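Topology and contacts: notes
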Amino acid sequence: RHKFWETQPVGQFKEIGDTSLPEGPIEPPKLLSEVKQEPYNLPNLYEWVTCDIDSEEMCAEIYILLTNNYVEDDENMFRFNYSKEFLRWALRPPGYFKSWHIGVRVKSSKKLVAFITGVPARIRVRDNVVTMAEVNFLCVHKKLRSKRLAPVMIKEVTRRVHLENIWQAAYTAGVVLPTPVSTCQYWHRSLNPKKLIDVGFSRLGARMTMSRTIKLYKLPESTVTPGFRKMEPHDVPAVTRLLREYLSQFAIAPDFDENEVEHWLLPKENVVDSFLVASPVTHEITDFCSFYTLPSSILGNQNYSTLKAAYSYYNVSTKTPLFQLVNDALIVAKQKDFDVFNALDLMQNETFLKDLKFGPGYGKLHYYLYNYRLRHALPPSELGLVLL
Ligand code: NHW
Ligand code: EN5
């Protein structure tokens, strides 16, 4: 069934329900001297390249590969269109390794035809904080599919992660592999219903007219929570404390320090937006919400070429109801001209999705750990981790 994944230290389908297996690493770390020193062999026409994401030229090549070949929905109507600024942000967190940004070129033409990345992260699984790689942006050019290039790329990123003495990884995918630690559902909140219907992202509901639909999704012009404002650099220590405390309730969550909060959550135009609620009296920061910007190319529509989507990221509510906080995020996203606001049903998101008029999407997102076994799959409400 899974000729490659059967050989890897991941939970296997046949182990499901076997409660005798211990939770934790599947295989022990090797000595660094035992890690293969040379890259894996690629088919002869191709060569490895370590990508310098700082270089405008390299970044543009990666952007073009992904724009034309990365993830599509089940009907091939939309394709993720990560911006260059987003990619730079996603790939250069504190302590990142340039050697984990891996490309494959055609030797003769030097054309970039495949890509995979890792970034380091400390992820807490129950009581254990584990240094991991977050693996993302695996992409093989459409013309080179089904040639078993992906397993070689995964083995090569694994080797380079091992060289940094890191032995676990976390990743998400829309496809089922051995074996999900949790499975989330995408939910979508229409902000621009007319455009979403015109491009085939959503459909006019039964017994609904366009004008009734537009009215249904209307939002206030401005946010409603007193003290709601954009996060600023001086908020990093308080937001870190708030977020760490909040994430401690989930079975799997990042272990963010201040540097990471600064990187991942300080607003970056057209990449990440973050807001908080500060008490007007004490200036205490009590609530937080954020979303990232990930447009999709609309494939083969006469009138529109991009769908502007916001994705719910980390939210923390202690005083303001989560529902009201995310409603304010929707209002800001609408002001910023997003067409749709997407969220997964993880953390406490189920408590607001229906009430805020999100509808379930067709897509699922499976979460995976490499070389770390969980006894049982988790309900998404126990996941406190959002990958990009
Ligand atoms: S998920 C997005 C993945 N990218 C896309 O879907 C873009 C469009 N598709 C493609 O580019 C986010 C190709 O179809 C890809 C597969 C490249 C996906 N994850 O080369 P072959 C991520 O980036 C397995 C893992 O012939 P292909 C996360 C498949 O099951 N494995 O296929 C990435 C089969 O193995 P099996 C995947 O279509 C996490 C084998 O690949 C996969 O030409 C990576 C077939 O290879 C996927 N999304 O290329 C793992 N899709 O055993 C990181 C297919 O079933 C693990 N496959 O025979 C951790 C590493 C670090 C560890 C550190 C300690
Ligand atoms: C790694 N970081 O399928 C990510 N998206 O539902 C890789 N559907 O946009 C993994 N097919 O449901 C990515 N409209 C896995 C996801 C791949 C992309 C994907 C889904 C998520 C999606 C849309 C469009 C479907 C178009 C036809 C969808 C319905 C929206 C509707 C709005 C109004 C209320 C009800 C729902």
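Please refer to the structure higher up on the page.
A quick note: this is a predicted structure, and the numbers were derived from the prediction, not measured.

The next subject is helix H1 (residues 56-69). Helical periodicity: at 3.6 residues per turn, an α-helix aligns residues three or four positions apart in one direction. With 14 residues, H1 extends 20 Å from end C-alpha to end C-alpha; this agrees with the ideal 20 Å at 1.5 Å per step. For H1, the set of buried residues is Met-58, Cys-59, Ile-62, Leu-65, Leu-66, Thr-67 and Asn-69. Lining the buried residues of H1 we find strand S2 (78-80), helix H2 (84-91), strand S3 (101-106), strand S4 (112-125), strand S5 (128-140) and strand S12 (296-298).

Our focus in this paragraph is the site of ligand 2. Residues in close proximity to ligand 2 total 23 residues, the closest being Asp-73, Asp-74, Glu-75, His-188 and Leu-388. One of the side-chain N or O atoms of Asp-74 is found 2.6 Å from a nitrogen atom in ligand 2. Here Phe-201 contributes a backbone N or O atom positioned 2.8 Å from a nitrogen atom of ligand 2. Protein coverage of the free-state accessible area of ligand 2, which is 860 Å², stands at 87%. Residue assignment for the shell around ligand 2 shows that the elements contributing at least two residues are S2, strand S7 (182-190) and strand S17 (359-370). Here the shell around ligand 2 gathers at least three residues from each of two domains, domain 1 (5-172) and domain 2 (183-382).

Taken in spatial order, the three strands line up as S2-S12-S13 in an open sheet, and their pairing is antiparallel. Since the sheet does not close on itself, it has two edges, and those belong to S2 and strand S13 (306-307), each with one partner. Of the strand pairs in this sheet, S12 and S13 are connected by two bridges, and their pairing is antiparallel. Opposite Ser-296, over in S13, you have Leu-307 as the bridge partner.

Moving on, we come to the packing of aromatic side chains. Evaluated as defined, the whole model comprises 26 aromatic pairs. With a centroid separation of 6.0 Å and 20 degrees between ring planes, the pair formed by Trp-5 and Tyr-171 is classed as stacked. Residue Trp-5 is located in the segment before strand S1 (46-50), and its partner Tyr-171 is located in strand S6 (residues 168-173); the two are separated by 166 residues in the primary sequence. Since its relative accessible area comes to 10%, Trp-5 is described here as buried. What makes Tyr-171 buried here is its relative accessible area of 10%. Pairwise contacts between aromatic rings join Tyr-70, Phe-80, Tyr-82, Phe-86, Trp-89, Phe-137, Phe-256, Trp-264, Tyr-292, Tyr-311, Tyr-313 and Tyr-314 into one cluster. The ring of Phe-338 is capped by Lys-308, whose NZ or CZ atom sits 4.4 Å from the centre of that ring.

Together, Phe-13, Ile-16 and Val-176 give the surface a local cluster of nonpolar side chains, amounting to about 280 Å² of exposed area. Turning to its location among the elements, Ile-16 is positioned in the segment before S1.

Within the fold, Val-181 resides in the loop between S6 and S7. A residue is classified by how much of its surface remains accessible, and Val-181, at 8% relative accessible area, is buried. In this structure the C-alpha to C-alpha distance between Val-181 and Tyr-372, which are 191 residues apart in sequence, comes to 9.8 Å. Setting aside residues up to four positions removed in sequence, Val-181 forms contacts with Ile-252, Tyr-367, Tyr-368, Leu-369, Leu-374, Ala-377 and Leu-378.

Calculation rules
- Residues numbered from 1 in each chain as written.
- Chains lettered and ligands numbered in written order.
- Predicted model: local features only at pLDDT ≥ 70, side-chain atom pairs only at ≥ 80, totals over all residues.
- Heavy atoms only, no water.
- Helix = DSSP H or I, 4+ residues; strand = E, 2+ residues; numbered from the N terminus.
- Expected span 1.5 Å × (residues − 1).
- Buried < 20%, exposed > 50% of the residue type's maximum accessible area, 1.4 Å probe, protein only.
- Contact = heavy atoms within 4.5 Å.
- Near = heavy atom within 4 Å.
- Polar contact = N/O pair within 3.5 Å; in protein donor to acceptor, adjacent residues only side chain to side chain.
- Areas by Shrake-Rupley, 256 points an atom, 1.4 Å probe, with all protein chains shown as cover.
- Domains from an automatic or database assignment.
- Pairing = 2+ DSSP bridges.
- Phe/Tyr/Trp six-rings, centres within 6.5 Å; stacked < 30°, edge-to-face > 60°.
- Lys NZ or Arg CZ within 6 Å of the ring centre and 35° of its normal.
- Patch = residues over 30% accessible without salt bridge, like charges linked within 9 Å, V, L, I, M, F, W, Y side chains within 5 Å.
- Salt bridge = Lys/Arg side-chain N within 4 Å of Asp/Glu carboxyl O.

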